[in-house]
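Secondary and tertiary structure notes
These are the residues of each chain, in order.
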Amino acid sequence: KQWYQRRVAITAGRKMHKRILCSSKEDNFVSIKDIIKITAKDEKKKVNEALRQAGLKSQDKKEHLPKDKFSFEAFYKFYKEMLGNRPELEKVFNEIKGNRRNYLTLEQTVDFLNNYQRDPRLNEILFPHHNKDGTKKLIQAYETDKAKQRIGQLTLDGFTNLLMSPDNLATNIQMLGIYQPMDQPLSHYFINSSHNTYLTGHQFSGKSSVEIYRQVLLSGCRCIELDCWDGEDNEPNITHGFTLCSSVLFKEVIYAINDTAFKTSPYPVILSFENHCTSRQQQQMADYCINIFGDLLLKEPLDEPKWALKAGCMLPTPDSLKYKILVKNKKRKEDLPDHQDNEEKKEDGEMEPNPLSG
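Residues numbered from 1 in each chain as written. Predicted model: local features only at pLDDT ≥ 70, side-chain atom pairs only at ≥ 80, totals over all residues. Heavy atoms only, no water.

1. So, the overall build of the protein
When you go through the protein residue by residue, the secondary structure sums to 14 helices and 7 strands. Classification of the 358 residues of the protein by burial places 41% in the buried group. Residue pairs in contact within the protein that sit at least 24 positions apart in sequence constitute 67% of those at least 6 positions apart. Accessible area for the protein stands at about 22,300 Å²; split by element, carbon and sulfur atoms hold 50% of it. (Helix = DSSP H or I, 4+ residues; strand = E, 2+ residues; numbered from the N terminus. Buried < 20%, exposed > 50% of the residue type's maximum accessible area, 1.4 Å probe, protein only. Contact = heavy atoms within 4.5 Å. Areas by Shrake-Rupley, 256 points an atom, 1.4 Å probe, with all protein chains shown as cover.)

2. Considerations on the packing of helix H6 (residues 87–97) against helix H10 (residues 156–163)
One can describe the packing of H6 onto H10 by two numbers: an axis separation of 10 Å at closest approach and a directional angle of 115°. Compared by their axis directions, H6 and H10 come out roughly perpendicular. For the element pair H6 and H10, the recorded crossing hand is right-handed. Between H6 and H10, the residues in contact are Leu-89, Glu-90, Val-92, Phe-93 and Ile-96 and Leu-156, Phe-159, Thr-160 and Leu-163, respectively. (Axes fitted to C-alpha atoms, helices over the stretch in contact; angles between N-to-C directions. Parallel < 35°, antiparallel > 145°, perpendicular 65-115°, else oblique. Left-handed = near helix turned anticlockwise from the far one by under 90°.)

3. Let's talk about unusual backbone geometry
Look at Phe-242: it is not a glycine, yet its phi comes out positive at around 60°. Here Phe-242 lies in the loop between strand S4 (237–238) and strand S5 (248–249). Taking relative accessible area as the criterion, Phe-242 reaches 79% and is therefore assigned exposed.

4. Overview of the pattern of salt bridges
The final tally for this structure, using the stated rule, is 6 salt bridges. One salt bridge connects Lys-132 with Glu-107, and the closest N-O pair in it is separated by 3.3 Å. On the criterion of sequence distance, the pair formed by Lys-132 in helix H8 (residues 132–142) and Glu-107 in helix H7 (residues 106–117) is long-range, its members being 25 residues apart. Under the relative-accessibility criterion, Lys-132 is labelled partly exposed at 45%. Put simply, Arg-214 and Glu-211 hold a salt bridge, and the shortest N to O gap is 3.4 Å. On the criterion of helical spacing, the pair formed by Arg-214 and Glu-211 is a turn pair, its members being 3 residues apart in helix H11 (residues 211–218). For the residue pair Arg-214 and Glu-211, the accessibility class agrees, reading buried in each case. Each of the salt bridges in this network shares a partner with another, and the network as a whole consists of Glu-211, Arg-214 and Asp-259. (Salt bridge = Lys/Arg side-chain N within 4 Å of Asp/Glu carboxyl O.)

5. Brief notes about a positive patch on the surface
On the surface, Arg-19, Lys-25, Lys-37 and Lys-263 cluster together to form a positively charged patch. Residue position: Arg-19 is located in helix H2 (residues 9–23). (Patch = residues over 30% accessible without salt bridge, like charges linked within 9 Å, V, L, I, M, F, W, Y side chains within 5 Å. Lys, Arg positive; Asp, Glu negative; His and termini not counted. Charge placed at Lys NZ, Arg CZ, Asp CG, Glu CD.)

6. Describing the sheet that holds strand S3 (residues 223–229)
With respect to topology, 5 strands assemble into an open sheet ordered S5-S4-S3-S6-S7, the strand pairing being mixed. Each having just a single partner strand, S5 and strand S7 (325–328) make up the two edges of the open sheet. Bridge analysis of S3 against S4 gives 2 bridges, and the strand direction is antiparallel. Pairing of Cys-228 across the sheet is with Ile-238, part of S4. (Pairing = 2+ DSSP bridges.)

7. Details of H10
When you tally the buried positions in H10, you get 6 out of 8 residues, the bulk of the element. Every buried residue of H10 is listed here: Gly-158, Phe-159, Thr-160, Asn-161, Leu-162 and Leu-163.

8. A word on the environment of Lys-331
Locating Lys-331 in the fold gives a position in the loop between S7 and helix H14 (337–348). Separated by 56 residues in sequence, Lys-331 and Asn-275 have C-alpha atoms that sit 9.3 Å apart.

9. Topic: the pairing of strand S6 (residues 269–275)
In terms of residue burial, S6 counts as a mostly covered element, since 5 of its 7 residues are buried. As defined by bridge partners, S3 adjoins S6 across 6 bridges and the pair is classed as parallel. For Ile-224, the partnering residue across the bridge sits in S6 and is Leu-271. In this sheet, S7 lies alongside S6 in parallel orientation, the contact comprising 4 bridges. Bridged to Val-269 within S7 is Ile-325. For the segment spanning S6, helix H13 (residues 279–293) and S7, crossover handedness is right-handed. (Right-handed = clockwise from strand over helix to strand, strands pointing away.)

10. Thoughts on the packing of H11 against helix H12 (residues 250–260)
Interaxial distance between H11 and H12 falls to 9 Å at its minimum, and their mutual angle equals 25°. Relative to H12, H11 is oriented roughly parallel. Pair H11 / H12 crosses with right-handed handedness. Where H11 abuts H12, its residues Tyr-213, Arg-214, Leu-217 and Leu-218 lie against Val-253, Ala-256, Ile-257, Asp-259 and Thr-260. For the contact of H11 with H12, the per-class residue count stands at 6 nonpolar, 1 polar and 2 charged. (Nonpolar A, V, L, I, M, F, W, Y, C, P; charged D, E, K, R; others polar.)

Everything listed is a geometric property; what it means functionally is a separate question.
See the structure below:
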């Protein structure tokens, strides 16, 4: 998950930086409260520490930063502090550069791009190998040190920027847009999905975060998971059950989903509920979904007969479900028709004893 956050850091970071500037009510200042709210409102201490590490905030308790100091370069330094160091990237960088320098030469960068990053199955005419001229342009685009840019050298920061840039995508950039018909049943498609979405780290003792839901939805994810458990004061929580993981409020996650569900794609968002809540708190969950999502929530089957919820009928298409939020949730055993029929038969004395019960 940390790697994926870094992959989208530049594009997401620019949007976030602009959003912070636009949200400021002051002409010449940016509110630290706005920065915390937009970047990670449930991690106030971490945000303040990252601002200090990036040189944007001193030890005093000032609540505003001058706008002229809050450039994208300064914000990006803060953003990298938020995401944390990547020792595995540094290890790769050190193996390539050797022990005598703190940068990659132009030749080393060309060799890395061709022999380590490039898929050898690619057609060499359509996807030619990297050369020195093209690689120097990449260094000029992603290296942060101006002097190193001019002579074609790549520092660790520039190396990191290059790896998480659009020039290093694992997928074919021509395939990122909609290039297939979206009028087939939903089950005919691979769906970009997230497991244990709320976790930012280890699934036994990791930290749960509301912000990660915004991140994955803005990155194009269309199916996210919510592990729901009873909380205090009739407030359902989301956490990894029977572990040391922290929890977040179900309500806050629903607000985050509502904010970002359709910012990058109009196609349906599926909420996969792993539901461990009692009936009372399930009712609270339903109330939050209905009241916060409003018309975005699909509450009834579509009118089209061919998409009726019965055997032999196809699922609706992505086109027919644009701007809709779908909830995927198992029914309780006592709500299933078979269970209800069995209960009625028990009451009427019609059920035969189980021969394996002794």
